[in-house]
Amino acid sequence: MSFYRVLRLLIPLFLVHRPESLTPMQRSAYPTLNASLQRLIPGLSLALVSLLASIPGKAQQASATGQAAPPSIHEEVYIDHGGAKHPWTITSSHSLLWEGTPYLPVGGTFAPRSLQDDSDAAWQEDVRSLNSLKAKGILDLLLTPSKSLPAIPLASFQRLLDYLDTNGFRYGLSFGPGLTKPLSGVVVKPANYRYFEADSLTAHWRASNADKGFVAIVEDNGSGEFRIVKSDTYTIKDNFLSVPLEPVKNSGRLIGLLYPHKTLPTGTEGALPDLWSGFDDYRDQLLAYLGQVKFGKGLRFLLDPLARHLGLAGEFETIIPESEAFRLEWESYLSRIYPGVEDAKARWAMMETDLKSFDELSRLVPLWQGNRGIGYLYDPQGDKMLRVDSTKPGFWQDFYTFRNQSIAGYMKSIASVLKHQVADVPVVYTWTQNHPIFFNGDTDGFDGYGLATHGTPSVARQLGPVLGAIEQAARPMWYVATEVSPNVPLPAPVSPQPPPGSPAAATRAALFGLLDDLKKVGVKGFFASDSTHDNGVSNIWVTMPDRLDWLHDYGAQLGTQTSAARYEPHVLFYPQNAPGPAHIGPVPGASNVLWLSSVASGESLDLWPSFSGYIINLDESHAETVLISNNGPRQVHILVPDNRSVQAFTPDGAPVAIKLINKTEFLLRLDTTPTIIKAGSQRLILREAAEDAISQLEAMMVLSRSSKSPETQNVKASVYQAQDAFTRKNYDTAYLYARVGLDQLIDVLKPYIWFEGEATVKDAHTFDDIGSHPEASGERFLRLSNPNPPSKYGYGAHWEFDVVADGRYNVWMAGSVPGPSVSPMRWAIDTAPNLDPVDKNAHGALYASDSFGWTLLGAANLKKGRHVLEIEVIDRAVSPPIYNFGVDAFLLTRSGQTPSGTLRPVPVDAQTLQSIPKLKQKQKE
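Thresholds, definitions, all that
Residues numbered from 1 in each chain as written. Predicted model: local features only at pLDDT ≥ 70, side-chain atom pairs only at ≥ 80, totals over all residues. Heavy atoms only, no water. Helix = DSSP H or I, 4+ residues; strand = E, 2+ residues; numbered from the N terminus. Pairing = 2+ DSSP bridges. Axes fitted to C-alpha atoms, helices over the stretch in contact; angles between N-to-C directions. Parallel < 35°, antiparallel > 145°, perpendicular 65-115°, else oblique. Left-handed = near helix turned anticlockwise from the far one by under 90°. Contact = heavy atoms within 4.5 Å. Core = buried A, V, L, I, M, F, W, Y, C linked by side-chain atoms within 4.5 Å. Buried < 20%, exposed > 50% of the residue type's maximum accessible area, 1.4 Å probe, protein only. Salt bridge = Lys/Arg side-chain N within 4 Å of Asp/Glu carboxyl O. Expected span 1.5 Å × (residues − 1).

(A) Fine view of unusual backbone geometry. Omega for the peptide link from W608 to P609 comes to 10 degrees, which places this bond in the cis form. Within the secondary structure, P609 sits in the loop between β27 (602-607) and β28 (611-617). Look at the link from S879 to P880: it is a cis peptide, with omega at -5 degrees. In this structure, P880 sits in the loop between β44 (865-873) and β45 (883-893). Phi is positive for K729, which is not a glycine, with a value near 65 degrees. Examined against the element boundaries, K729 turns out to sit in the loop between α16 (716-727) and α17 (731-749). One non-glycine residue with positive phi stands out, namely D850, at about 60 degrees.

Next comes the structure, spelled out in structure tokens:
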């Protein structure tokens, strides 16, 4: 390791007084540096070891349910500039206790004009606004400056704080844009930057924020292997690049792949600044500035100390940062997790290469992502491409793990240093996406999550995931809504109690309803803001006296609810990678309980057509089984090795009666509302699951008499094996035989037609790639998410399917639910003209984070034989303005049934099933 690299890791030691301000990557590198340190600076290693011993350790691992073992509530103390002590703590119900009293703020964001303009006029404008707020009883504010704190004149900032403290305001402090150094690197998004047009002599790309790009022209001969025809780096001018395609004799089609080098702008939602090269300077400037500030008794919390609404949205997720500081940490991480370079190369499935160091590995850029791109790692320094097996996820798994841990480390590091060196008050981050960087697995670091929501928030996409992160944190976390607006028309000023039925009354009701909805999911504080704002610096809400009255009224109402601070929403966890029938949101039949995803291990229970559920592991010897009946209430016989310790509960924890039949069998009533069964680590076997599957199989066999397909005769063995296993009470084996036979017969007889969105005709789609989601049908779907305009082929896809009987079929599609974030589309079967969906409303339960639902495309008269279905995405979505669409599955049926979720229809309906014994007897005769 070079002397420079050692110093780069050591410099932070001499810039701060406490080790909490170091990043995790810097801490983790020290053990591997001891030998080098002893050689470089005698005696320093011993001091280093002593220093490392003072760094707080990691939190205990969260329990398998995704909810940490009950953490001890620790108390911290904020000491204001006058020396007064203000003890505070965060409770297990996600409340902030300040000096022993619940702090449940109902106020708003405030963008001080005097912090962006130091004129007296700007200050007087702030004073007038603050006096208006105080007169209305609004004393809780979240300061949202438009500049990063170190850029604000110190005198102006101190003047504002003194005024707030003197006048009894309680305030949180946002850090404005925070660290603004933009992130540069190569964006690896081959699905978005892939060019193909038959017979084209030039490839074209649009790439915003890019100055250059690496281009690979590859030949696709249809074998699945790609041969590189040409590769080079080109300058991108005015966000546009054209590269000549040079036809190769006897070649297949030529495809152009661009890997743009970009500098991504900060200040947008979910943006990530260059933490690696900008953190040290920003932290030092921040500490030097805030070290001169005198915070008074009104300070309550700090918000977003790194950057406003930090995240990894869009291309931030797949950019490979290029800074030396990033590569140094990346190299250090690789050297810690792998004994040697050869181990890393094997993990990354690299072919023969002459790379000898982790330094060389850390500068490589992948040329594939997901199932798009080519199996190479590109070395920009050596200008060479190294072959890898891109079906192996080693590189991307390592990269994501390191990058996410590193970002989370910076988030926790700045929080710790601010609390120890500036003001020991809660540090909160605005939650922007369901991402590992927002999972706090340590007992130190930040203290809560801020929620920014404008309009009606989604439980599945926002409220639930935030609550899940809070519930699974290693210690109690505060849950506060830092930006709230009902996003409804602004009425003219009215009295605090507007006339019933008036627009103002509707606005007031919308505001109260929104705050109530947030309160139901555990939010313990509300700051109103504007639905239209620029980086959170608008103060429109302050100028509306009626809104101020309503906020005051809601705060007064909340203050009378003695249990508000202690309220905890009921939660039922499911394993996020094996959800079974679960999805984030209210539990069916138990609206006061929320289903939330957990990091715990588990497995889905697919007992179609009658039951479904999941197992979630609590620890090595304990698990919970959650079951539902797909078709309504019924009594179910359940077998278990030992039923003496079995217990059953409703989602909200009420006991459910169990009838013991013998030592290994009990009777339990199941319904569409989940039942939680605790049986240790014992697996449960449902007799009726096998019984129902066999009944369906027998019915399908009877109905297949007219079929001349030889496949139906092959299923007879499954019928006999299932019946025999059931007679011998081997119900799990009986179910497996019956399910195999059912799947075979459905494929042949097609009582309905179901096919997956990702199962397109080979090479017959221009969507981006195949995405994955554990709640999707088959856990995969066809995905389009592209800011670029389409080629002359447009954005579309084709699927082939077989019809076994003439008839009129309803055509259903499971996929993106129509809305402002989804592109419009048209559909067609065979040569018919493309049509708009006849019904753009989603049918059945939404799933996959409320992104997917069933849409009735229309109806078609179909003849027996093969047909082709086409989907065409015709325009950009409204917000954000990109081409965005997902296709999960299709269902074609002659019945009038409405699909829901990923549960496939029952092949034989109940009425037909009742007649099967007679049909079966007739068949024997």
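(B) Inspection of the pairing of strand β34 (residues 675-678) at higher detail. Here strand β29 (residues 623-629) runs beside β34; their pairing, made up of four bridges, is antiparallel. Looking at β34, one finds that L627 is bridged to T675. Sheet topology places strand β31 (residues 647-649) next to β34; three bridges connect them, and they run antiparallel. Note on β34: the bridge partner recorded for Q647 is K678.

(C) Local environment of the packing of helix α4 (residues 120-135) against helix α5 (residues 154-166). Between α4 and α5, the least distance of the axes is 12 Å, while the angle of their chain directions is 20 degrees. As summarised for this structure, α4 and α5 are arranged roughly parallel, according to the angle between their axes. The way α4 lies across α5 gives a crossing that is right-handed. Between α4, through W123, V127, L130 and N131, and α5, the contact on the second element is made entirely by R159, L160, Y163 and L164.

(D) Representation of the nonpolar core. Judged by nonpolar contacts, the single largest core of 160 residues is most densely connected at L133, F157, W276, L290, F295, W348 and L361. Sort the elements by how many residues they give to this core and helix α10 (residues 394-421) lands first, with 12 residues. Those residues within four positions of L361 in sequence are excluded, and the remaining contacts are L334, V341, A344, K345, W348, M350 and L355. Listed in part, the 54 residues of the second largest apolar core include F611, A679, F781 and A889.

(E) Focus on the pattern of salt bridges. Taken as a whole, this structure holds 37 salt bridges when the rule is applied. Among the salt bridges present, the one from E324 reaches R327, with a minimum N-O distance of 3.3 Å. Residue E324 and its partner R327 are both found in helix α7 (residues 324-337); the two are separated by three residues, about one turn of the helix. Assessed through its relative accessible area of 31%, E324 is described here as partly exposed. In this structure, the salt-bridge partner of D747 is K750, at a minimum N-O distance of 3.9 Å. One salt-bridge network, held together by shared partners, links E76, K419, D447 and R475.

(F) Structural view of helix α14 (residues 687-703). Across its 17 residues, α14 extends 25 Å between first and last C-alpha, which sits within 8% of the 24 Å expected from 1.5 Å per residue. The buried count for α14 comes to 13 of 17 residues, which makes it a mostly enclosed element.

Taken by themselves, the reported measurements are silent on function.
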